[in-house]
Amino acid sequence: MTGEVNEDVKAMSFEQALDALEKIVDDLERGDVPLDQSIRIYERGEALKAHCDRLLKAAEDKVEKIRLSRDGKPVGVEPLDSD
């Protein structure tokens, strides 16, 4: 059931998901949310966190650095973390 409830998370941008996750953290930290609702929003928070992680990984995979020749001219690209 949790997967069905959180289907909208997949369509969120990173910023939207992060905003929603921050609101959940604020709500849970305030402590004025009933237990059953706390469990539901915690599960939603887990779905949002996983979505943010996927989006960050996809962005990291796209980041490249330019390789330069000895004379400083660009010769191609390589993954940023290939050092």
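In this report, the structure presented in the accompanying data block is examined. All figures in this text were calculated on a predicted structure; none of them were measured in a lab. (Residues numbered from 1 in each chain as written. Predicted model: local features only at pLDDT ≥ 70, side-chain atom pairs only at ≥ 80, totals over all residues. Heavy atoms only, no water.)

1. Quick notes on the overall build of the chain
Turning to step 1, where the next piece is worked out: Within the chain, the secondary structure is distributed over 3 helices and 2 strands.
Turning to step 2, where the next piece is worked out: Counting from the amino terminus, helix and strand elements in the chain follow one another as α-α-α-β-β.
Turning to step 3, where the next piece is worked out: In the chain, which comprises 83 residues, the proportion classed as buried is 18%.
Turning to step 4, where the next piece is worked out: When the accessible surface of the chain is totalled, it reaches about 6,500 Å², and 56% of it is carbon and sulfur. (Helix = DSSP H or I, 4+ residues; strand = E, 2+ residues; numbered from the N terminus. Buried < 20%, exposed > 50% of the residue type's maximum accessible area, 1.4 Å probe, protein only. Areas by Shrake-Rupley, 256 points an atom, 1.4 Å probe, with all protein chains shown as cover.)

2. Focus: a negative patch on the surface
Turning to step 1, where the next piece is worked out: Taken together, Glu15, Asp19, Glu22, Asp26 and Glu29 make up a surface patch of like negative charges.
Turning to step 2, where the next piece is worked out: Note on placement: Asp26 falls in helix H2 (residues 14-30). (Patch = residues over 30% accessible without salt bridge, like charges linked within 9 Å, V, L, I, M, F, W, Y side chains within 5 Å. Salt bridge = Lys/Arg side-chain N within 4 Å of Asp/Glu carboxyl O. Lys, Arg positive; Asp, Glu negative; His and termini not counted. Charge placed at Lys NZ, Arg CZ, Asp CG, Glu CD.)

3. Brief notes about the pattern of salt bridges
Turning to step 1, where the next piece is worked out: With the rule as written, the count across this model stands at 7 salt bridges.
Turning to step 2, where the next piece is worked out: For Asp32, the salt bridge is made with Arg30, and the minimal N-O distance between the two is 3.3 Å.
Turning to step 3, where the next piece is worked out: What makes Asp32 exposed here is its relative accessible area of 51%.
Turning to step 4, where the next piece is worked out: Here Asp36 and Arg40 are joined by a salt bridge, their closest N and O atoms 3.9 Å apart. Here Arg40 and Asp36 lie together in helix H3 (residues 35-62), a separation of 4 residues that amounts to about one turn.
Turning to step 5, where the next piece is worked out: If you follow the salt bridges from partner to partner, you end up with Lys23, Asp27, Arg30 and Asp32 in one network.

4. Topic: the environment of Val75
Turning to step 1, where the next piece is worked out: With respect to the element layout, Val75 can be found in strand S2 (residues 74-79).
Turning to step 2, where the next piece is worked out: Judged by relative accessible area, Val75 falls into the partly exposed class, the value being 48%.
Turning to step 3, where the next piece is worked out: Look past the residues within four positions of Val75 in its chain and what remains in contact with it is Arg67, Leu68 and Ser69. (Contact = heavy atoms within 4.5 Å.)

5. Quick look at the side chain of Asp27
Turning to step 1, where the next piece is worked out: Relative to the elements of secondary structure, Asp27 occurs in helix H2.
Turning to step 2, where the next piece is worked out: On the basis of relative accessibility, which here comes to 14%, the residue Asp27 falls in the buried class.
Turning to step 3, where the next piece is worked out: In this view, Asp27 contacts Asp32, Val33 and Ile41; residues no more than four positions away in its chain are not counted.

6. Overview of the side chain of Ser38
Turning to step 1, where the next piece is worked out: Structurally, Ser38 can be placed in helix H3.
Turning to step 2, where the next piece is worked out: Overall, the relative accessible area of 15% leaves Ser38 in the buried class.
Turning to step 3, where the next piece is worked out: Other than its neighbours up to four places away in sequence, Ser38 contacts Leu28 and Val33.

Fair warning: the whole summary comes from geometry, so function is off the table for now.
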